[in-house]
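Listed below, chain by chain, are the residues.
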Amino acid sequence: MRVVALGEPLVQLNATSPGPLRYVHMFETHVAGSELNFCVSVVTTGLQCSLLARVGEDEFGKAVIEYGRARGVDVSAVKVDPSPTGVYFIQRHFPVPDRSEVFYYRKDSAGSKLSPEDVDESLVKGARLVHSTGITLAISDSARQAVERAFQLAPRRSVDTNIRPKLWSPERAREALRRVLHGLEFLFVDPVDARIIVGEEDPDAAVRRFREEFSVETVVFKMGERGSRVYVDGKAVAGPSFKVRVEDPIGAGDALAGYFVGLVLQGRSVEEAIRYASAAATLVVTVRGDTEAVPDLKEASRFLNSQEL
Ligand code: KDG
């Protein structure tokens, strides 16, 4: 069974010390980008995942391809573009402790050149599910059209809203996301994005709107340190939260989505899938980098057992 994701892989330059970037002297590189992160988690649960993307003809593009391949993601359809691979910096624990802030250097990047012609028709038609996020809808018109094209062809679809205020206005985000929500198998959303898209931030009220207006099947409502709630088949299942030391929270949402989708598609119950997905998301925040601490299933079990003692 294969999942396909469309989006921009990036190189992340993560501050090795907390505080304002103007006084940070050292950065370490990681490969990231929401949909690549999602793929890593899907693959870690045991499914195949192909990434549709463009990277630059440069060292960072090579880093993306090699890292994706090393983690088991199918990068054979990733195209090389003359523009540079996008990068972003992460400032940690400032001005809000336990939070990170991103600074993008990605305008006109290779990833933003993703276009409908990159949508491999047979790959997408043959996939069990096609996934993308609000980030890909935001980065360029051609990338948004690529998502729309892939969603026309895909048998089933999944979206993580991931509205990044530095990339576009709430009005544009609302309009673009509302065009791709119809009939989704999975929707991942948080209260801030739900307010932008359907005008409600209360989980029950927002989910009612996503159901009534867009016939979304499964909604995973992400509430950060308060855990999550999965709405499916007329019930709401609570996802746990675990208290850990936060190094960098970025990437947690992608691990939650990829792990959850991977396990549900392999027939695990929603209760089990959200527990494991929450474990994966929690471990991700304990280190720098979005995917290095995505646990395999045994490691996730060990983490969950340690929390039950
Ligand atoms: O979800 C994590 C991503 O936000 C991060 O890897 C960078 O893809 C990214 C983005 O566009 O913000």
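Anyway, here's the lowdown on the structure attached to this text.

Here is what the cut-offs are and how they apply
Residues numbered from 1 in each chain as written. Predicted model: local features only at pLDDT ≥ 70, side-chain atom pairs only at ≥ 80, totals over all residues. Heavy atoms only, no water. Near = heavy atom within 4 Å. Polar contact = N/O pair within 3.5 Å; in protein donor to acceptor, adjacent residues only side chain to side chain. Areas by Shrake-Rupley, 256 points an atom, 1.4 Å probe, with all protein chains shown as cover. Nonpolar A, V, L, I, M, F, W, Y, C, P; charged D, E, K, R; others polar. Helix = DSSP H or I, 4+ residues; strand = E, 2+ residues; numbered from the N terminus. Axes fitted to C-alpha atoms, helices over the stretch in contact; angles between N-to-C directions. Parallel < 35°, antiparallel > 145°, perpendicular 65-115°, else oblique. Contact = heavy atoms within 4.5 Å. Buried < 20%, exposed > 50% of the residue type's maximum accessible area, 1.4 Å probe, protein only. Salt bridge = Lys/Arg side-chain N within 4 Å of Asp/Glu carboxyl O. Core = buried A, V, L, I, M, F, W, Y, C linked by side-chain atoms within 4.5 Å.

Turning next to the site of the ligand. With respect to spatial proximity, 14 residues lie near the ligand, and among them Y104, R106, R164, D254 and D290 are the closest. Note that an oxygen atom of the ligand is positioned 2.8 Å from one of the side-chain N or O atoms of R164. Within the side chain of D254, one N or O atom sits 2.7 Å away from an oxygen atom of the ligand. Protein contact buries 97% of the 310 Å² of open area that the ligand shows by itself. Each residue belonging to the shell around the ligand can be placed in one class, and the counts come to six nonpolar, four polar and four charged.

This part is about the side chain of R106. Relative to the helices and strands, R106 resides in the loop between β8 (100-105) and α3 (121-125). Looking at R106, its side chain comes within polar contact range of the side chain of E8, at 2.8 Å.

At a closest axis distance of 8 Å, the pairing of helix α6 (residues 170-178) and helix α7 (residues 191-198) adopts a crossing angle of 80°. The angle between the axes of α6 and α7 places the two elements in the roughly perpendicular class. On the side of α6, the interface is formed by P170, R174, L177 and R178, while α7 contributes I196, I197 and V198. Classifying every residue of the contact of α6 with α7 gives five nonpolar, no polar and two charged.

Moving on, we come to the side chain of E247. Tracing the chain through its elements places E247 in the loop between β14 (235-239) and α9 (252-265). What makes E247 buried here is its relative accessible area of 13%. A distance of 2.7 Å separates polar atoms of two side chains, one belonging to E247 and the other to R288. Apart from the residues within four sequence positions on either side, E247 is in contact with R92, H93, V285, T286, V287 and R288.

This part covers the pattern of salt bridges. For the structure on display, the rule yields 29 salt bridges. Across the salt bridge formed by R99 and E225, the nearest N and O atoms sit 3.0 Å from each other. Taken together, the residues span a long stretch of sequence, with R99 in the loop between β7 (87-92) and β8 and E225 in the loop between β12 (218-222) and β13 (228-232) at a distance of 126 residues. Judged by its relative accessible area of 56%, E225 falls in the exposed class. Notably, a salt bridge pairs R144 with E148, separated by 3.7 Å at the nearest N-O pair. Of this pair, R144 and E148 both sit in helix α5 (residues 141-153), four residues apart, which is roughly one turn of that helix. Per residue, the accessibility class of R144 equals that of E148, and both read buried. Because the salt bridges share partners, they merge into one network encompassing E28, R92, R245, E247 and R288.

Ranked by internal contacts, the top residues of the largest apolar core, which has 56 residues, are L51, V73, V230, Y259 and F260. Per-element tally for this core: the top contributor is helix α10 (residues 270-284), with 10 residues. Not counting residues within four places of it along the chain, the set of residues in contact with L51 comprises A5, P9, E35, L36, C39, V73, D74, A77 and V78. Of all hydrophobic cores here, the second largest spans 43 residues; its members include L114, V147, V159 and F214.

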